[in-house]
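Geometric and topological summary
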Amino acid sequence: MAGGNKTSSRSGLGQRESIGNPLNLTLGRRPVSAASTRRGFKGSARVVPQPQQPEEDEAVTKQPNALGFTAWFEEKIVEYSSKSRPYAITRFRKCIMTYFPEDASLGIEEPKIKNSGYMGGTYLKRSKCKHESGRAFTPGDFVVGQDINVYGQIFTIADADTTTRRNYRNIYGFQQPAAVDIPDDGFAEERARKGIPKPRHDPKPKRVDHLAGMPPGTHDVLRFFCAYQDDRTDGDEDRRYVLHFFLRDGTVEVKECKTEGVQPFPNLLNRSKLPKDTFFNPDTPMYDANQPKQVSWEDLRCGSTIMVWGRSLLLLSCDRTTELFYQRKGIAQNPMQVEEDKGPAFPKTLPPYNGVGAENDLYSMGLSLQPKIVKSTTDEFKRWQMADNKVLRFEMEFAHNDVSDMDKQRRFVTNYNLGDDTIMVFEPPIRNSGLEAGVFLGRQRYKKYVPDQREGKGLKNHGSVLSRWLRPAGFYDGAI
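What counts, and where the lines are drawn
Residues numbered from 1 in each chain as written. Predicted model: local features only at pLDDT ≥ 70, side-chain atom pairs only at ≥ 80, totals over all residues. Heavy atoms only, no water. Phe/Tyr/Trp six-rings, centres within 6.5 Å; stacked < 30°, edge-to-face > 60°. Helix = DSSP H or I, 4+ residues; strand = E, 2+ residues; numbered from the N terminus. Buried < 20%, exposed > 50% of the residue type's maximum accessible area, 1.4 Å probe, protein only. 1 Å grid on protein atoms, 1.4 Å probe; cavity = no way out; pocket = protein on both sides within 12 Å on 5 of 7 lines; lining within 4 Å. Points joined across faces, edges and corners; volume = space filled by probe spheres on them. Arc of directions from axis to C-beta. Contact = heavy atoms within 4.5 Å. Pairing = 2+ DSSP bridges. Axes fitted to C-alpha atoms, helices over the stretch in contact; angles between N-to-C directions. Salt bridge = Lys/Arg side-chain N within 4 Å of Asp/Glu carboxyl O.

This part covers the packing of aromatic side chains. Any pair of aromatic rings gets described here by the distance separating the centres and the angle formed by the planes. Tallied over the full model, the rule gives 19 aromatic pairs. Relative to Tyr326, the ring of Phe224 has its centre 6.0 Å away and its plane inclined at 70°; by these criteria the two rings are edge-to-face. With Phe224 in strand β7 (residues 221-230) and Tyr326 in helix α6 (residues 320-328), this pair connects stretches of sequence that are 102 residues apart. This pair shows no difference in class: Phe224 is buried, exactly as Tyr326 is. Between Phe398 and Phe412, the ring centres sit 4.9 Å apart and the planes meet at 75°, which makes this aromatic pair edge-to-face. Taken as a pair, Phe398 in the loop between β13 (391-396) and α9 (405-408) and Phe412 in strand β14 (residues 412-417) lie far apart in primary sequence, 14 residues in all.

Here's what the structure looks like:
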């Protein structure tokens with residue numbers, strides 16, 4: 001009997017280890033080698049069975065993981081009538097309530113209902129809530145047909161799932177009452193009455209492949225460059241567009257080119273079918289919806305016009321791919337150019353120089369609203385490097401009317417510096433003339449004086465706007 005007991009204990013240990021320990025590892029003690037195991041069968045060592053662990057309390061083992069209930073709560077909503085008079089309606093919102101006995105925690109989920117006006121989802125995250133008396137919730141607080149207060153919100157338990165009813169009957173010895181109905185607030189019926197039926201999509205007609213028989217690699221989009229003369233503005237402004245014709249489905253798209261000073265509007269016509277010679281907008285009652293003729297690729301020729309809902313577009317030219325497409329069809333596209341209408345030419349007059357700022361600014365600011373910025377500093381520096389210390393020297397005399405005999409004898413030497421366009425005039429001495437020789441004009445830039453013919457205009461002794469800086473080309477024999 002003793003030997004039988006050892007064998008049974010040994011086999012029982014092996015069975016427990018194989019079930020709870022599939023790799024046959026010894027739990028709680030060092031692993032035993034194969035040699036020592038063989039020696040144990042010879043009597044050198046005995047295998048002592050491990051004492052069995054005490055089983056857990058039967059009440060703990062039978063404790064359910066979760067208890068599920070269906071509940072609802074009442075909510076008042078203020079609505080307004082057609083005369084803006086408020087009135088209250090009642091909505092009954094359904095929830096799924098889950099109670100976890102192991103830590104006395106509670107979680108509430110609200111099912112999502114389409115077009116209900118509520119977000120749905122998690123109404124109360126799992127947490128340890130308190131009963132209204134201050135204690136933790138217990139399984140006895142959840143009874144079908146009774147109310148339960150969760151953070152001030154009154155929930156009515158309508159039903160419990162099958163597993164929860166079985167756990168209450170077998171574990172807690174309590175039979176849950178029969179399920180109660182959730183009140184109907186009429187929301188489902190109202191939504192069904194006001195619901196929008198899903199549109200029925202008619203089968204699309206079969207598209208005609210216009211590229212059938214064309215060589216591979218042929219593009220399915222034809223592009224034309226168009227012009228439109230907008231007669232709604234003064235001067236009939238010229239507007240440019242790009243027309244795309246899609247060969248796959250025969251649709252047309254017209255895009256607007258960016259124009260300076262005009263608010264951008266990307267598309268004149270979205271991609272759609274374009275009827276021929278249709279002046280009226282499709283939203284007007286005068287539009288003929290039964291117009292069978294549509295614009296096709298055969299109607300697009302350079303030099304012709306196409307009517308796009310009241311706007312006559314002139315086809316000027318097309319790209320190279322479009323031109324090759326028409327060549328394969330035996331049609332030649334001859335591009336054309338539109339002469340720019342510059343309008344009446346008005347003379348540009350400059351105001352007189354008022355002495356403020358540099359005089360060069362007068363010509364840049366007076367001839368254009370947006371003057372060009374001339375980077376002349378670098379050019380002047382290069383010219384100074386090349387022409388520095390290079391001087392043009394001329395001999396001059398008085399040439400104005402009523403010159404006295406004394407002034408006729410006077411001679412002047414004019415030095416023109418090519419590096420900075422400055423001029424200096426020197427008067428050589430004349431013996432026994434009584435005139436003081438030396439510098440007649442200091443070195444600086446000078447302008448050729450042109451009198452202002454307008455009376456009372458301009459500054460005194462400053463000449464007119466026709467006065468220009470003296471340049472080397474103005475110095476030659478006989479020049480004044």
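Estimates place the volume of the largest pocket at around 1100 Å³. Counting only elements with at least two residues in the lining of the largest pocket, the list comes to β13, β14, β15 (422-427), β16 (438-444), β17 (447-448) and β18 (468-469). Here the element with the most residues in the lining of the largest pocket is β13; it accounts for 3 residues.

Moving on, we get to α6. Regarding α6, the residues found buried are Thr322, Phe325 and Tyr326. For α6, the buried positions fall inside an angular range of 95° around the axis, keeping them on one side. Next to the buried residues of α6 lie β7 and β12 (311-318). Just downstream of α6, Gly330 is the residue with a positive phi angle, here 85°.

A word on the sheet that holds β14. Whether parallel or antiparallel, the strands of a sheet pair through hydrogen bonds between backbone atoms. One open sheet accounts for 4 strands, arranged β13-β14-β15-β16; its pairing is antiparallel. Strands at the two margins of the open sheet, each flanked by one partner only, are β13 and β16. Here the average twist between neighbouring strands, direction ignored, is 15°.

Evaluation of the coordinates by the stated rule reveals 20 salt bridges. Where Glu397 meets Arg411, a salt bridge forms, and the shortest distance between an N and an O atom there is 3.4 Å. Here Glu397, found in the loop between β13 and α9, pairs with Arg411, found in the loop between α9 and β14; they are 14 residues apart in sequence, far enough to count as distant. Residue classification places Glu397 among the partly exposed positions, given a relative accessible area of 48%. With a closest N to O distance of 2.7 Å, Asp421 and Arg471 form a salt bridge. Highlighted residues: Asp421 in the loop between β14 and β15 and Arg471 in the segment after β18, separated in sequence by 50 residues. The exposure class assigned to Arg471 is partly exposed, which follows from its relative accessible area of 42%. Residues joined by salt bridges that share partners form a network here, namely Glu75, Arg93 and Glu110.

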